[in-house]
Amino acid sequence: MKKKLLTAFLVTALGISMLSGCGGKNSDDNSTKSEQSTKETDQEAADKVAKLIDDIYVQERTDKTDEQCEAAKKAWDALTDAQKELVEGENADPDYFGRDTGDASKDDPLNEDEIGENELLVVSFGTSFNDSRAEDIGGIEKALQAAYPEWSVRRAFTAQIIINHVQARDGEKIDNMDQALERAVKNGVKNLIVQPTHLMHGAEYDELTEAVENYKDKFESVKIAEPLLGEVGSDATVINADKEAVAKAITAEAVKVTEYESLDAAKEAGTAFVFMGHGTSHTAKISYSQMQTQMEQLGYENVFIGTVEGEPEETSCESVIEKIKAAGYKNVVLRPLMVVAGDHANNDMAGDDDDSWKSQFEAADAFDNIETQIAGLGEIKEIQQLYVAHTKAAMDAE
């Protein structure tokens with residue numbers, strides 16, 4: 001009797017154990033499936049936003065642009081923090097909406113009507129970095145408005161990609177060239193002066209002049225002022241008063257920020273200054289070589305010109321590093337040769353990725369100290385006044 005009871009007990013216990021084991025396995029399987037389902041749902045939500053960002057990362061404005069910008073931001077705001085980290089597309093990434101570039105409310109898009117008969121249209125490539133847009137582009141615009149109070153200063157950007165970015169992320173609407181020119185026509189503007197903030201007569205300047213050409217018969221007078229560096233010139237030896245003024249202004253500012261008494265004092269301390277431009281395949285790329293010539297003719301032996309694109313070739317990061325090493329300088333100050341301190345200044349120049357200029361200079365293992373100064377040319381007062389002078393020259397031109 002006892003033996004039968006013991007056998008029954010063992011059978012029952014084994015059954016319970018088996019049931020318990022099956023239940024644990026099912027629970028683990030369900031948990032794995034649930035986790036997998038969550039990952040798929042998160043990725044689907046992130047991919048949707050990435051697609052919406054890619055749709056507005058374009059250089060052409062359409063009738064759907066406003067709607068698309070609004071839809072992209074709404075979808076982004078609906079994501080969880082974890083989902084936002086998964087956003088990745090052809091051009092989309094978490095930084096598109098997530099990166100803090102400053103307070104957009106400090107910037108004035110200058111797109112008001114009631115312009116009057118005289119308009120000064122300030123045309124820039126543009127930047128999605130809010131602080132730089134307000135300080136650099138805004139600084140130039142304010143200087144022009146102060147110099148010419150009888151003219152209404154308005155803004156246009158040539159990069160629709162940037163216009164869409166700022167509109168989608170911050171709700172700030174900036175006119176492109178066609179919108180700005182249409183606004184001028186509707187407001188009855190008679191006299192139009194276009195002042196580009198571009199560095200040189202490059203591709204963007206060409207696009208600007210083409211756009212203005214299509215509207216020139218809509219106004220009584222239309223004049224386009226010179227970009228910052230003035231006329232290009234035929235070869236690397238050709239310089240002009242504009243390039244000299246820019247060279248002096250940007251070098252003096254860099255020396256002041258590093259707190260040296262003079263450029264010579266910086267040289268004696270073994271410090272070289274590198275101004276990093278964008279670079280271009282356009283024939284205007286010779287302007288960078290001319291700026292290097294200008295530095296040399298001014299006796300600025302410890303000042304070097306480079307470009308992100310490495311065009312011209314002698315302005316590549318590798319070439320500049322070799323020049324500075326050969327000259328024996330041990331300290332390097334990197335500063336943008338760009339009107340705005342935007343993506344190129346923050347990432348290509350001062351970023352932590354291996355291909356940034358800061359990282360490449362550090363990897364060269366030839367320098368004791370690498371300093372980055374993230375500041376656009378547009379916030380330098382002397383540079384602002386050069387634009388004022390270019391506008392005056394256009395006003396006075398027959």
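Parameters and conventions
Within every chain, residues take consecutive numbers counted from 1 along the sequence as written. Reporting of local features is limited, given that this is a predicted model, to residues whose pLDDT is at least 70; pairs of side-chain atoms are given and counted only at 80 or more, and all residues count toward the totals for whole chains, interfaces and linings. Calculation of side-chain values draws on the structure's entire complement of heavy atoms; hydrogens and water are dropped beforehand. Comment: elements are numbered from the N terminus, with helices defined as DSSP H or I runs of at least four residues and strands as E runs of at least two. Residue contacts are defined here by distance: any two heavy atoms, one from each residue, within 4.5 Å place the two residues in contact. Polar contact criterion, stated in full: a pair of N or O atoms within 3.5 Å, where within protein one must be able to donate a hydrogen and the other to accept it, and residues adjacent in sequence count only if both atoms are side-chain atoms. In a helix, the anticipated span is given by 1.5 Å times the number of residues less one. Three exposure classes are used, based on accessible area relative to the maximum for each residue type with a 1.4 Å probe and protein chains only: buried under 20%, partly exposed in between, and exposed over 50%. Domain segmentation is taken from an automatic or database assignment of domains. By definition, the buried area sums, over both parts, the 1.4 Å-probe accessible area that each loses when the two are put together. A pair is scored as a salt bridge if a Lys or Arg side-chain nitrogen falls within 4 Å of a carboxyl oxygen belonging to Asp or Glu. Residues are grouped as follows: nonpolar covers Ala, Val, Leu, Ile, Met, Phe, Trp, Tyr, Cys and Pro; charged covers Asp, Glu, Lys and Arg; every other residue, Gly included, is treated as polar. Here, axes are lines fitted to C-alpha atoms. For helices the fit covers the stretch in contact, and angles between N-to-C directions go from 0 to 180 degrees. Should an angle fall under 35 degrees it is called roughly parallel, over 145 degrees roughly antiparallel, and 65 to 115 degrees roughly perpendicular, with every other angle called oblique. Handedness of a crossing follows from how the near helix is turned relative to the far one, being left-handed for an anticlockwise turn of less than a right angle and right-handed for a clockwise one. The distinction between a cavity and a pocket rests on a 1 Å grid over the protein atoms alone: a 1.4 Å probe fits inside a cavity but cannot get out, while a pocket stays open yet meets protein on both sides within 12 Å along at least five of seven lines, and a residue with an atom within 4 Å of a point counts as lining. Grid points are joined across faces, edges and corners, and a volume is the space filled by probe spheres set on the points.

**Side note on the environment of Arg 169**
Mapped onto the fold, Arg 169 is located in helix α6 (residues 160-170). The residues contacting Arg 169, other than those within four sequence positions of it, are Lys 73, Tyr 96, Phe 97, Arg 99, Thr 101, Ser 128 and Asn 130. In this structure the side chain of Arg 169 is engaged in a polar contact, spanning 3.4 Å, whose partner is the side chain of Thr 101. In this structure the side chain of Arg 169 is engaged in a polar contact, spanning 2.5 Å, whose partner is the backbone oxygen of Ser 128.

**Things to note about helix α11 (residues 286-297)**
Given a rise of 1.5 Å per residue, twelve residues ought to cover 16 Å, and the 16 Å separating the end C-alpha atoms of α11 matches this to within 8%. A large share of α11 lies buried, amounting to nine of its twelve residues. Within α11, the full set of buried residues consists of Ser 287, Tyr 288, Ser 289, Gln 290, Met 291, Gln 292, Thr 293, Gln 294 and Met 295. Buried residues along α11 sit in contact with α9 (241-258), β5 (271-277) and β6 (303-307).

**Some details on the domain arrangement of the chain**
Once the domains are mapped, the chain shows domain 1 (42-98), domain 2 (106-228 + 381-396) and domain 3 (241-372). The C-alpha-based centres of domain 2 and domain 3 are spaced at 28 Å. Taken together, the two surfaces of domain 2 and domain 3 that pack against each other cover about 1400 Å², and 74% of this comes from carbon and sulfur. On the domain 2 side of the interface with domain 3, the three residues burying the most area are Phe 129, Leu 199 and Met 200, jointly 35% of the side's total. The interface formed by domain 2 and domain 3 includes zero salt bridges. The interface formed by domain 2 and domain 3 includes three residue pairs in polar contact (both at pLDDT 80 or more). Broken down by secondary-structure element, the contributors of at least two residues to the side of domain 2 that touches domain 3 are α5 (130-147), α8 (203-213) and α15 (381-396). It is α15 that provides the largest number of residues to the side of domain 2 that touches domain 3, a total of five residues. Partitioning the side of domain 2 that touches domain 3 into residue classes produces ten nonpolar, six polar and three charged.

**Remarks on the packing of helix α2 (residues 65-77) against α6**
Packing of α2 against α6 brings their axes to within 8 Å, and their N-to-C directions diverge by 50°. Here α2 is positioned oblique relative to α6, judged by the angle of their axes. Once α2 is placed against α6, the crossing between them reads as right-handed. Contacts between α2 and α6 involve Thr 65, Asp 66, Cys 69 and Lys 73 on the former and, on the latter, Asn 164, Gln 167, Ala 168 and Arg 169. A per-class count over the contact of α2 with α6 returns two nonpolar, three polar and three charged.

**As for the side chain of Arg 169**
According to the relative accessible area criterion, Arg 169 is buried, its value standing at 10%. Reaching out from Arg 169, the side chain makes a polar contact with the side chain of Asp 170 at a distance of 2.8 Å.

**Points about the layout of surface pockets**
Each pocket or cavity is described by its volume, and for the largest pocket that value is around 1200 Å³. When residues of the lining of the largest pocket are traced back to their parent elements, those giving at least two are α4 (95-98), α6, α8 and α13 (343-349). When grouped by side-chain class, the residues that make up the lining of the largest pocket number 16 nonpolar, 16 polar and eight charged. Approximately 340 Å³ is the volume attributed to the second largest pocket. Together, 14 residues line the second largest pocket, and Gln 59, Thr 158, Asn 176, Met 177 and Asp 178 are the ones closest to its centre. Within the residue set of the lining of the second largest pocket, elements represented by two or more residues are α7 (177-186) and α8.

**Observations concerning the environment of Val 257**
Locating Val 257 in the fold gives a position in helix α9. Val 257 gets classed as partly exposed once you look at its relative accessible area, which sits at 38%. Between the C-alpha atoms of Val 257 and Gln 373, which are 116 residues apart in sequence, the distance is 8.2 Å. In this view, Val 257 contacts Arg 335 and Gln 373; residues no more than four positions away in its chain are not counted.

**Some points on unusual backbone geometry**
Peptide bonds are mostly trans, and most non-glycine residues show a negative phi. Here the amide bond leading from Glu 311 into Pro 312 is cis, since omega sits at 10°, within 30 degrees of zero. Even without glycine at this site, Leu 110 takes up a positive phi of about 50°. You can see Leu 110 is positioned in the loop between α4 and β1 (118-124). The phi dihedral of Glu 259 is positive, around 65°, even though this residue is not glycine. Within the secondary structure, Glu 259 sits in the loop between α9 and α10 (263-268).

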